[in-house]
Amino acid sequence: MKQNSSRPSAHNTLQMNFFQKFMMLCSGANIYILKKTPSEWNKFAGIGGIVLFTAVFATMSAGYAMYTVFDNLWAAIGFGIIWGLMIFNLDRYIVTSIKKTGTVWNQILMAIPRLILAVFLGIIISKPLELKIFEKEVNKQLNTIIQRNKKQLQTEMNARILQQSGPYETEKKQISSKIAEYQKSYDSASVELEKEILGTKTGLTSGKEGYGPNARRKAELKEQRYQDLQNYQKQVAPRLQYLDGEISKIYTNLETERGKTETFEDKFNGFAARLQALDELGKNSAIIGLAASFIMGLFICLEISPVLIKLISHVGPYDFLLEKTENDYRLYAKEKTEKANALTDHRIGSFKKHLDDEP
């Protein structure tokens, strides 16, 4: 009389549709074992869906990030697809590497580094999408940063102009001061001559009206001082021209440098610049900071959810069958190894005995 097998019978009446099979493949589960455990199909299809959509979001996120860097649509699409496939493969590995047949503590210890990695991936995926969601606000803040940088640049340029042109300006002031002294002496002599002719009594004039001897002496003094002024101006004219030329060169060079730097600042809209703008928006606006935190938290939850589902789910038929299959292979490998070792020992023993029997 045949005895009934204790193994659960296969549910041949249930058939996987294409969508279910595809989702289960995305979960990284063994599809051949899953065919024997229909009760596990929904769980692994759900895990596969989370892994798939996480990869889709990662593709969009990386594509947008690369577009802001290279400003090339095809390069962004290509890199986004590659990044999404990498995240997809990594998430599948994280999920499949957690075994449910061990103790609870072993499962938790096994899941901790995977959860840390999942959190890190969630942050990476969320940042570019945050930039896209707050694109208008980020662009406005970028313009504020650019204007602030230009103002700081102008301040630095002014300081450099003062530093580089300082010695020339100082020498020009000294020359101008000397010219002013000559001009003052000439003006003083002109005033004294006029008072002498008009007969105005002062400490330096005789008080006699008319063009007398004193007036002639003062006219000569006036002429001498005028010649001194003219001679000094002619003497320092080349030097003043040189100083003005050097100062003009400094202004021209720094203005050219400022123009190039401002052109560079106008292009300050790359990925890192947008991250800076988003960070400043979060600090300046509590609402935007809270919204960005919620978006990041959403993607972190999305990324760690497959691992959490594996942790909180009960041990099911799939886990038992997977453990049995892996154990069968371990036993088979161990058996083959022991047989190979025994045969090798037997051949070595026979060879040694044959050597001992030879005369």
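A. Structural context of a nonpolar patch on the surface. There is a patch of nonpolar side chains on the surface, built from Y67, L73, W74, I77, I81 and L85 and spanning about 660 Å² of accessible area. Per-element accounting of the nonpolar patch gives the leading share, five residues, to helix α4 (residues 73-96). Assessed through its relative accessible area of 38%, Y67 is described here as partly exposed.

B. View of the confidence of the model for the protein chain. The share of residues in the protein chain with pLDDT of 70 or more is 88%, and the mean pLDDT across the chain is 81. By mean pLDDT, helix α7 (residues 213-266) is the weakest element of the protein chain at 80, and helix α1 (residues 18-27) is the strongest at 89. Here residues 1-6 is modelled with pLDDT under 50, and outside its nearest four sequence neighbours on either side it reaches zero contacts, counting other chains as well. Across residues 8-12, confidence stays below pLDDT 50; counting only partners more than four residues off in sequence or on other chains, it has one contact.

C. Summary view of the packing of helix α5 (residues 104-133) against helix α9 (residues 286-312). Direction vectors running N to C along α5 and α9 enclose 150°, while the axes themselves pass 7 Å from each other. With respect to their mutual orientation, α5 and α9 come out roughly antiparallel. Here α5 runs over α9; the crossing is right-handed.

D. Representation of the side chain of T37 within the structure. Along the chain, T37 turns up in the loop between α2 (31-34) and α3 (41-70). A polar side-chain atom of T37 sits 3.5 Å from the main-chain carbonyl oxygen of I33. If we ignore the near neighbours within four places in the chain, the residues touching T37 are P317, Y318 and L321.

E. Seen up close, α4. End to end, α4 covers 34 Å across 24 residues, agreeing with the expected 34 Å (1.5 Å per residue, within 8%). Buried within α4 are the following residues: A76, G80, G84, I87, F88, D91, I94 and V95. Residues of α4 that are buried sit in contact with α1, α3, α5 and α9.

The rules we used
- Residues numbered from 1 in each chain as written.
- Predicted model: local features only at pLDDT ≥ 70, side-chain atom pairs only at ≥ 80, totals over all residues.
- Heavy atoms only, no water.
- Patch = residues over 30% accessible without salt bridge, like charges linked within 9 Å, V, L, I, M, F, W, Y side chains within 5 Å.
- Areas by Shrake-Rupley, 256 points an atom, 1.4 Å probe, with all protein chains shown as cover.
- Salt bridge = Lys/Arg side-chain N within 4 Å of Asp/Glu carboxyl O.
- Helix = DSSP H or I, 4+ residues; strand = E, 2+ residues; numbered from the N terminus.
- Buried < 20%, exposed > 50% of the residue type's maximum accessible area, 1.4 Å probe, protein only.
- pLDDT = per-residue confidence, 0-100.
- Contact = heavy atoms within 4.5 Å.
- Axes fitted to C-alpha atoms, helices over the stretch in contact; angles between N-to-C directions.
- Parallel < 35°, antiparallel > 145°, perpendicular 65-115°, else oblique.
- Left-handed = near helix turned anticlockwise from the far one by under 90°.
- Polar contact = N/O pair within 3.5 Å; in protein donor to acceptor, adjacent residues only side chain to side chain.
- Expected span 1.5 Å × (residues − 1).

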